[in-house]
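Chain by chain, the residues:
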Amino acid sequence: MITEFTPLQSLGGGALIGIAAVLLMAFHGRILGATGILGGLMRLNDMADWRLKAALLVGMAMGPLALLWATGTAPAMEVPISNLAVVLGGLIVGVGVSYGGGCTSGHGVCGNARFSRRSIVATISFMITSFATVFVTRHLLGA
Amino acid sequence: MRILSALVIGLIFGVGIAISGMMNPAKVLNFFDLAQIWDGTWDPSLAFVMGGALAVTIPGYRLVFGRPAPVLENRFQLPDTRVIDRRLVLGSGVFGIGWGIAGFCPGGALPALGTGRIEPFLFVAALIGGLLIARVVQARSLPPRPKPAT
């Protein structure tokens, strides 16, 4: 499945992601990481924190709807793999981000922006394995 | 006020993810498929997402950290650990394997829930399952507490 190169949308979307991360730090003093948000929602000992993270999640899920409403077209989402692969990948991602302490948003966008050595190492690690994994699944296994 | 602010920030993030292509597994997997460089179909868009985000967060954080405290809280909550260990490197490596299989990462999948499609729900459910498995394993592998002196 070939996808079109979209440098402007990707740059603009990336800038919005960055704006959200800076605003969350400016107003709430927190790293904007999807792993941290999910992890926080799975802990019920701090309800003020839980409500904040629930609001972030609801806002995020409203993103595609807002785009549909504003432009009349739903944002592109094509899944070229089986549902089984989606579930398998999700399980592996869950274990990995738990041990790695973050994902693309927390380490990749926020941690790297404060030049955290942990985040730089984490980003290099997950980029290497994701490129390697796609090489294996597409070109060695032929999926 | 805190809730409204978080809702708006989440929305900005969600719109950004949706525009950028990060919630589109086909696009994510094509970015990872470097072999497509040879036949000219490689899609390097996602490098622009990370570039666009960092172009904002690097100067933005600098500005924010120049203030004594966030607007709605009394302190910044930043990770205090600085250890680079096997957990960090291997955990992140494992995350990359899952990302390469599914094409969703957590930040891409959470906004994608709003599409109402089944795949992001399957991914997030499995992701929560993975987080729970890791939590149980980590709780078991913690060193035992020292016995109280009798």
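Definitions and cut-offs
- Residues numbered from 1 in each chain as written.
- Chains lettered and ligands numbered in written order.
- Predicted model: local features only at pLDDT ≥ 70, side-chain atom pairs only at ≥ 80, totals over all residues.
- Heavy atoms only, no water.
- Helix = DSSP H or I, 4+ residues; strand = E, 2+ residues; numbered from the N terminus.
- Rg over C-alpha atoms; globule rule 2.2 N^0.38 Å.
- Buried < 20%, exposed > 50% of the residue type's maximum accessible area, 1.4 Å probe, protein only.
- Areas by Shrake-Rupley, 256 points an atom, 1.4 Å probe, with all protein chains shown as cover.
- Lys, Arg positive; Asp, Glu negative; His and termini not counted.
- Charge placed at Lys NZ, Arg CZ, Asp CG, Glu CD.
- Contact = heavy atoms within 4.5 Å.
- Polar contact = N/O pair within 3.5 Å; in protein donor to acceptor, adjacent residues only side chain to side chain.
- Salt bridge = Lys/Arg side-chain N within 4 Å of Asp/Glu carboxyl O.
- Core = buried A, V, L, I, M, F, W, Y, C linked by side-chain atoms within 4.5 Å.

J.: So what exactly am I meant to see when it comes to the overall build of chain B here?
T.: Each helix and strand in chain B was counted, giving 7 helices and 0 strands. When the helices and strands of chain B are read in sequence order from the N terminus, they spell out α-α-α-α-α-α-α. Here the C-alpha radius of gyration of chain B, 20 Å, is well above what a compact globule of 150 residues would show, namely 15 Å. Every one of the 150 residues in chain B was classed for burial, and the buried ones make up 50%. Per element, the accessible surface of chain B, about 7600 Å² overall, is 67% carbon and sulfur. Each charge sign in chain B was given a centre, from 13 positive and 7 negative side chains, and these centres are 16 Å apart.

J.: So what exactly am I meant to see when it comes to the environment of A:His139 here?
T.: Here A:His139 is to be found in helix α6 (residues 117–140). Those residues in contact with A:His139, other than ones at most four positions away along the chain, are A:Val134, B:Asp33 and B:Ala35. Here the side chain of A:His139 touches B:Asp33 through a polar contact of 2.6 Å, side chain to side chain.

J.: Help me out: how do you make sense of the pattern of salt bridges in this one?
T.: Oppositely charged side chains are able to pair whenever their charged atoms sit close together. Enumeration over the complete set of coordinates arrives at 7 salt bridges over all chains. Between A:Lys53 and A:Asp49 there is a salt bridge, and its shortest N-O distance comes to 3.1 Å. Residue A:Lys53 and its partner A:Asp49 are both found in helix α3 (residues 47–71); the two are separated by 4 residues, about one turn of the helix. With respect to class, A:Lys53 is no different from A:Asp49; both count as buried. Linking B:Glu119 and B:Arg117 is a salt bridge whose minimum nitrogen-to-oxygen distance equals 3.4 Å. By relative accessible area, B:Glu119 is classed as buried at 12%. Overlapping salt bridges bring together A:Arg30, A:Asp49, A:Lys53, B:Arg2 and B:Glu73 as one network.

J.: Any chance you could explain the nonpolar core here in plain terms?
T.: Side chains of nonpolar character tend, in soluble globular proteins, to be buried together. Judged by nonpolar contacts, the single largest core of 64 residues is most densely connected at A:Leu32, B:Phe32, B:Phe95, B:Trp99 and B:Phe123. If you tally residues by element for this core, the top one is helix α1 (residues 7–28) of chain A, at 7 residues. Once residues within four sequence positions are removed from consideration, A:Leu32 is found in contact with A:Ala20, A:Ala21, A:Leu24, A:Ile37, A:Met60, A:Ser105, A:Gly106, A:Cys110, B:Ile9 and B:Phe13.

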